[in-house]
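Results of the structural survey
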Amino acid sequence: GRTAVVIPAAGRGVRLGPGAPKALRALNGTPMLIHAVRAMAASRAVSLVVVVAPPDGAPEVKNLLDAHALPERTDYLVVPGGDTRQESVRLGLEALPETIGTVLVHDAARPLVPVDTVDAVIEAVRDGAPAVVPALPLADTVKQVEPRAKGEPEPVVATPERARLRAVQTPQGFDRDTLVRAHETVTDDVTDDASMVEQLGAPVVVVPGHEEAFKVTRPLDLVLAEAVLARRRA
Ligand code: C5P
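As annotated in an unreviewed UniProt entry, the protein chain carries the name 2-C-methyl-D-erythritol 4-phosphate cytidylyltransferase and is attributed to Streptomyces pratisoli.

This is the structure:
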């Protein structure tokens, strides 16, 4: 089957500070979402991009996509999103045509992922993995804590062995039927799509991620993203 990408872009981006929904904020003059869509369309294997817009923002997002050039081979459509990322992804999956066999899910908030990472994820799915995540080793040591009210010191519960941890990025790639089944079955709150497939008991594998696939979350990330774009143009 063909390959489509669902891009959840319905988040408010509260941690980035006040302003437009995160995906619509500009990086070097172009909305983050447009960078993200182009990063996906850069892969020759991607034939369709489904953008999941803020619930009240689908017409605006459609206009935005119409106004920015994409490769001839790439179709796109826009659907309104939901209250959670998970719900937004599910709404995107429901819009996929029958012909799609491989689905990638990519955060609009990761606008700079290189095409080689996208292709590596797609290839691993086509080679038979039901779920594939790009990931990197961690620089920081990670502690599990007992959460406390804001301002109170939090007791440490455990320190997982850093060498066995990975920071997971997107695009995450899936056999379409597996991801649809995961969305039908798993109702817990999750922070990535692959964890829903893990809960089904299906195997999830990791391929190398990329530094430039970082998530634009806080104000400093905007500075970094614009610096990466400036270096690419130099
Ligand atoms: O909040 P977080 O950084 O995890 O969001 C990751 C991605 O999920 C972002 O691209 C955001 O726009 C999207 N999202 C969504 N619908 C929501 C919340 C987040 O599409 N209700």
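Right, picking up where we left off after that structure.
The subject of this paragraph is the overall build of the protein chain. Counting its secondary structure elements, the protein chain contains seven helices and 12 strands. Against the globule reference of 17 Å for 234 residues, the protein chain gives a C-alpha radius of gyration of 18 Å, in line with a compact fold. By its C-alpha atoms, the protein chain is 55 × 40 × 35 Å across when sized along the principal axes.

The immediate surroundings of the ligand are formed by 18 residues, with Pro 8, Ala 10, Gly 11, Ser 88 and Ala 108 found nearest. Along the lines of polarity and charge, the residues of the shell around the ligand split into seven nonpolar, six polar and five charged.

The element strand 1 (residues 2-8) is extensively covered by neighbouring structure, given that six of its seven residues are classed as buried. When strand 1 meets strand 6 (residues 100-105), the two strands line up parallel, connected through five bridges. The partner of Ala 4 across the bridge, within strand 6, is Val 103. When strand 1 meets strand 4 (residues 46-53), the two strands line up parallel, connected through six bridges. Within strand 4, the position partnered with Ile 7 by the bridge is Val 51.

Membership of the largest hydrophobic core comes to 55 residues, with the highest contact counts inside it found for Val 6, Ile 7, Leu 33, Val 49 and Val 51. Tallying contributions element by element places helix 1 (residues 32-41) first for this core, with eight residues. Setting aside residues no more than four positions away along its own chain, Val 6 makes contact with Val 50, Val 52, Val 89, Gly 92, Leu 93, Val 103 and Val 105.

Structurally, Leu 112 is set in the loop between strand 6 and helix 4 (115-126). Taking the C-alpha atoms as reference points, Leu 112 and Ala 39, separated by 73 residues in sequence, lie 6.7 Å from one another. When sequence neighbours within four positions are dropped, the list of residues in contact with Leu 112 reads His 35, Ala 39, Glu 212, Ala 213, Ala 225 and Val 228.

Turning our eyes to something else, we now look at the environment of Val 79. Counting through the fold element by element, Val 79 comes out in strand 5 (residues 75-80). Residues Val 79 and Glu 60, spaced 19 residues apart in sequence, show a C-alpha to C-alpha distance of 11 Å. Beyond its immediate chain neighbours, meaning those up to four positions away, Val 79 contacts Val 50, Val 52, Ala 58, Leu 91, Gly 92 and Ala 95.

On to helix 4, then. Helix length check: helix 4 (12 residues) gives 16 Å between terminal C-alpha atoms against 16 Å at 1.5 Å per residue, within 8%. Every buried residue belonging to helix 4 is among Thr 117, Val 118, Val 121, Ile 122 and Val 125, and all of these are buried. Around the axis of helix 4, the buried residues are gathered within 135 degrees of arc, so they sit on the same side. Buried positions along helix 4 lie against strand 1, helix 1, strand 6, strand 7 (131-136), strand 11 (172-175) and strand 12 (205-208). Looking at the residues trailing helix 4, positive phi occurs at Gly 128, about 120 degrees.

On to the pairing of strand 11. Each regular strand displays side chains that alternate between the two surfaces of the sheet. Of the two faces of strand 11, the one lined by Gln 172 and Phe 174 and the one lined by Gly 173 and Asp 175 are each fully buried. Pairing analysis gives four bridges linking strand 6 to strand 11, with the strands arranged antiparallel. If you follow Val 103 over to strand 11, its bridge partner there is Phe 174. As paired strands, strand 7 and strand 11 are joined by two bridges and run antiparallel to one another. Among the inter-strand pairings, Ala 131 is bridged to a residue of strand 11, identified as Phe 174.

Each value, and the rule that gives it
Sequence order as written defines residue numbering, which begins from 1 separately in each chain. For this predicted model, a pLDDT threshold of at least 70 governs which residues receive local features, and a threshold of 80 or more governs which side-chain atom pairs are given and counted, while totals over whole chains, interfaces and linings are taken from all residues. Under the scheme used here, helices are H or I runs from DSSP no shorter than 4 residues and strands are E runs no shorter than 2 residues, and both carry numbers assigned from the N terminus. The globule rule used here is 2.2 Å times the number of residues to the 0.38 power, and the radius of gyration it is set against is calculated over C-alpha atoms. Each residue gets a C-beta atom placed from its backbone. Should that atom fall within 6 Å of a molecule or strand, the residue is termed near it. Just so you know the grouping, Ala, Val, Leu, Ile, Met, Phe, Trp, Tyr, Cys and Pro go in nonpolar, Asp, Glu, Lys and Arg go in charged, and all remaining residues, Gly too, go in polar. For the exposure call, what matters is how many other C-beta atoms sit within 10 Å of a residue's own: 20 or more marks it buried, 12 or fewer exposed, and in between partly exposed, using C-beta atoms placed from the backbone. We call two strands paired when DSSP finds no fewer than two bridges between them. Put simply, a nonpolar core is buried Ala, Val, Leu, Ile, Met, Phe, Trp, Tyr and Cys residues tied into one set by C-beta atoms within 7 Å. Contact between two residues is assigned when their C-beta atoms, built from the backbone, lie within 7 Å. Any helix carries an expected span of 1.5 Å times its number of residues minus one. What the arc covers is the set of directions going from the helix axis to the C-beta atoms.

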